[in-house]
Amino acid sequence: MGKIAINIATGSLQQKEMIVGIDLGTTNSLVAIIHPQDRNPQVIKEVMGNSLVPSVLHFDKSGEPIVGDEALKYLLTDPQQTIFSVKRLIGKSYNDIRERSNFFTYKIFDDQTERLVKIQVGDKFYSPVELSSFILKELKSRAEHILKTPVTKAVITVPAYFNDAQRQATRDAGKLAGLDVLRILNEPTAASLAYGLGLNKNETKTIAVYDLGGGTFDISILRISDGIFEVLSTNGDTYLGGDDFDDAIVKFWKEKIELEKSALKFSENNKQEFRLKAEAAKRHLSLHHEFISNVDGYLIKISKSEFENLGSPLVNKTILCCANALKDAEISITEIDEVIMVGGSTRIPLVKQTVGQFFNKKVNDTLNPDEVVALGAAVQADILAGNNKDFLLLDITPLSLGIETMGGLMDVLIPRNSKIPIRTSRQYTTQKDGQMGIVISVFQGERDLVKDNRKLAEFKLSNIPAMPAGLPKIEISFLIDADGILNVKAKELRSGVTQQIEVKPQYGLTDKEVEKMLLDSIEHATEDIQTRALVEVQTEAKQLLDVTKTFIEKNKTHLLNEEIIASEKIMEQLEILIKSGNKDEIHAAIEQLNEQSRPYAERFMNEAIGKAMKGKQV
Ligand code: AMP
């Protein structure tokens, strides 16, 4: 791109392509580029100087969506046809958002299933992917209009906590908008890039990126050294952001008014008006001490200290996440060199102050907190365009990934907190003679039994040529690409039979669920180890029973009657013990059966070898 001549001011350009960085936000979205001449990242602005495009859609009677400021107006007048906070819905099922369904003024179709949500507008249904694609399409066409060049390639950012489904959905939305999404980038990584951290190759720094936007909170601990960005840990809450401060103010007013006018009920119509007024109050209180206005003739007011009382439990929640992130990164507060503030809500003085106190450091807020992620996305786009080859970006997996093995055990292929991209593989085999297929079930979580973890996908490797049990070599490979999307491949190495899938889970996990899964795994650690040991010995016993039964069946004529009777007696006993669940007793019975069958197995082997040596078939 360095060679491309483009003059943004005059619009004259002769350039091939432009890779843009897009921050697809809950409240606002924006696009940024690296200026081809001065090489600085900058957001794309309208003539009026506005860079933020509200992530709001309005559908008029024609069914065509209007996006941005124009749509924002209809939040009040036509709330059912006006969609906001789509990012809260992406990759989610109705069950995921049920508790929060009151928050949305438009209709979210409740089909009582775990399927991805649909939004009903008039008689049409839209998926969050489609709705996000309308926003992206609008951003694309604005950028094209201002840059006077086609925009077909983009880097899109997502919160660090987005799971595979949400990342994939964001990528799909980009595709649907006609964008080739070159990278799904974590927002904190983008923010660090925007601050130019790591540009000095000899610099080693540990950074906390505190991102409080409209709908999500993320805290990420990054280490930057030798120009390499590494996310040491992430934490946060996908249901905590500026919207919650607005909600708190609305609730505060509602309670006040209800005290005075007990009959007042918030109508559908004024619900949005209160929400907008609350947001205005919050912004006002970042600079002033009191906010006074009215809704439907009711006087509404709030002071800065009242607002801070409402806000402090929310801010404290974020601080708890910060402490957890430090713990996960195994880092103490004193090791943090910089604290970066991201997201419009970090303009709230109480937020800056509390975060600064916690990290015992003046927070870094020199860049516009609304723009910083988009600017970083542009820096990443520039790296991908080949203009900045010195960088490597590393992220991590929040939960372990593995497959189900015999007895419902979780076999972890990629442990939690692994750096991505990552590729790993392990060999498995069949349990039954002539088994021609195996089902591969992919799970996410920290528990030893898959039933306690979360199933992401299942597929079958079939057409394995018939072979004795244990002979096929089935290699399962997990690949998490740089976007955090998991690819699972199964290959039977002897025959070359292959099957692979891109894991697109049906619905997402909230931070709380991730946290719960981690806490559960700690709480149940001892119990899990015991269960795993028992399942393993039960599996071993079942396999031994199978093998011995088949052996006796096949070789009856070579065995003495008393050998068969003695073996069968132990086998009967072993079958009862498997059910009883006493690990040591099962183990002892396995030993006993092995002891009993060893002499005749050896005899048989010797005979077989002898025959083979005489050139006969075994
Ligand atoms: P983002 O998702 O980063 O665009 O963040 C938008 C959020 O920041 C919204 O909840 C806004 O209400 C909030 N916000 C923007 N400006 C201010 C301000 N001056 N004071 C407090 N909150 C703000």
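Scroll up for the structure.
The structure displayed is predicted, hence computed values, not measured ones. (Residues numbered from 1 in each chain as written. Predicted model: local features only at pLDDT ≥ 70, side-chain atom pairs only at ≥ 80, totals over all residues. Heavy atoms only, no water.)

Asker: So what's going on with the packing of helix H4 (residues 128–147) against helix H5 (residues 164–176)? Which residues, and what values?
Answerer: Running from N to C, H4 and H5 point in directions that differ by 50°, and their axes come no closer than 8 Å. The orientation of H4 with respect to H5, classified from their angle, is oblique. When the axes of H4 and H5 are compared, the crossing they make is right-handed. Of the residues in H5, those in contact with Val 129, Glu 130, Ser 132, Ser 133, Leu 136 and Lys 137 of H4 are Ala 169, Asp 172, Ala 173, Gly 174 and Leu 176. The residue makeup of the contact of H4 with H5, split by class, is 5 nonpolar, 3 polar and 3 charged. (Axes fitted to C-alpha atoms, helices over the stretch in contact; angles between N-to-C directions. Helix = DSSP H or I, 4+ residues; strand = E, 2+ residues; numbered from the N terminus. Parallel < 35°, antiparallel > 145°, perpendicular 65-115°, else oblique. Left-handed = near helix turned anticlockwise from the far one by under 90°. Contact = heavy atoms within 4.5 Å. Nonpolar A, V, L, I, M, F, W, Y, C, P; charged D, E, K, R; others polar.)

Asker: I'd love a proper account of the site of the ligand, names of residues and values included.
Answerer: Residues in close proximity to the ligand total 15 residues, the closest being Gly 214, Glu 279, Lys 282, Ser 286 and Gly 344. Contacts to the ligand include Ser 286, whose side-chain N or O atom sits 2.7 Å from a nitrogen atom. Between the ligand and Gly 344, the relevant distance is 3.1 Å, taken from an oxygen atom to a main-chain nitrogen or oxygen of the residue. For the ligand, whose free accessible area comes to 510 Å², the fraction covered by protein is 91%. Looking at which element gives the most residues to the shell around the ligand, the answer is helix H8 (residues 268–285), with 3 residues. (Near = heavy atom within 4 Å. Polar contact = N/O pair within 3.5 Å; in protein donor to acceptor, adjacent residues only side chain to side chain. Areas by Shrake-Rupley, 256 points an atom, 1.4 Å probe, with all protein chains shown as cover.)

Asker: Quick rundown of the sheet that holds strand S10 (residues 107–109)? Include the residues and the values.
Answerer: The sheet built from 3 strands is open, its strands ordered S10-S11-S12 with antiparallel pairing. Either end of the sheet is taken by a strand with one partner, and the two such strands are S10 and strand S12 (124–126). The mean inter-strand angle of the sheet, taken between neighbouring strand axes irrespective of direction, is 40°. The pairing of strand S11 (residues 118–121) with S12 spans 3 bridges and is antiparallel. Each bridged residue has a counterpart across the sheet, and for Ile 119 the counterpart in S12 is Tyr 126. Relative to the sheet, H4 contacts S11 and S12, its axis offset from that of S12 by approximately 80°. (Pairing = 2+ DSSP bridges.)

Asker: An account of helix H6 (residues 187–194) is requested, with residue identities and associated values reported.
Answerer: Of all 8 residues in H6, 8 are buried; the element is thus mostly enclosed. For H6, every residue scored as buried is listed here: Glu 187, Pro 188, Thr 189, Ala 190, Ala 191, Ser 192, Leu 193 and Ala 194. (Buried < 20%, exposed > 50% of the residue type's maximum accessible area, 1.4 Å probe, protein only.)

Asker: I'd like a rundown of the packing of aromatic side chains, residues and numbers included.
Answerer: Throughout the structure, instances matching the rule amount to 11 aromatic pairs. A centroid spacing of 5.5 Å and a plane angle of 80° characterise the contact between Phe 84 and Tyr 106, whose relative ring orientation is edge-to-face. Here Tyr 106 lies in the loop between helix H3 (94–97) and S10 and Phe 84 lies in the loop between strand S9 (82–83) and H3, a separation of 22 residues in the sequence. Given a relative accessible area of 4%, Tyr 106 falls into the buried group. (Phe/Tyr/Trp six-rings, centres within 6.5 Å; stacked < 30°, edge-to-face > 60°.)

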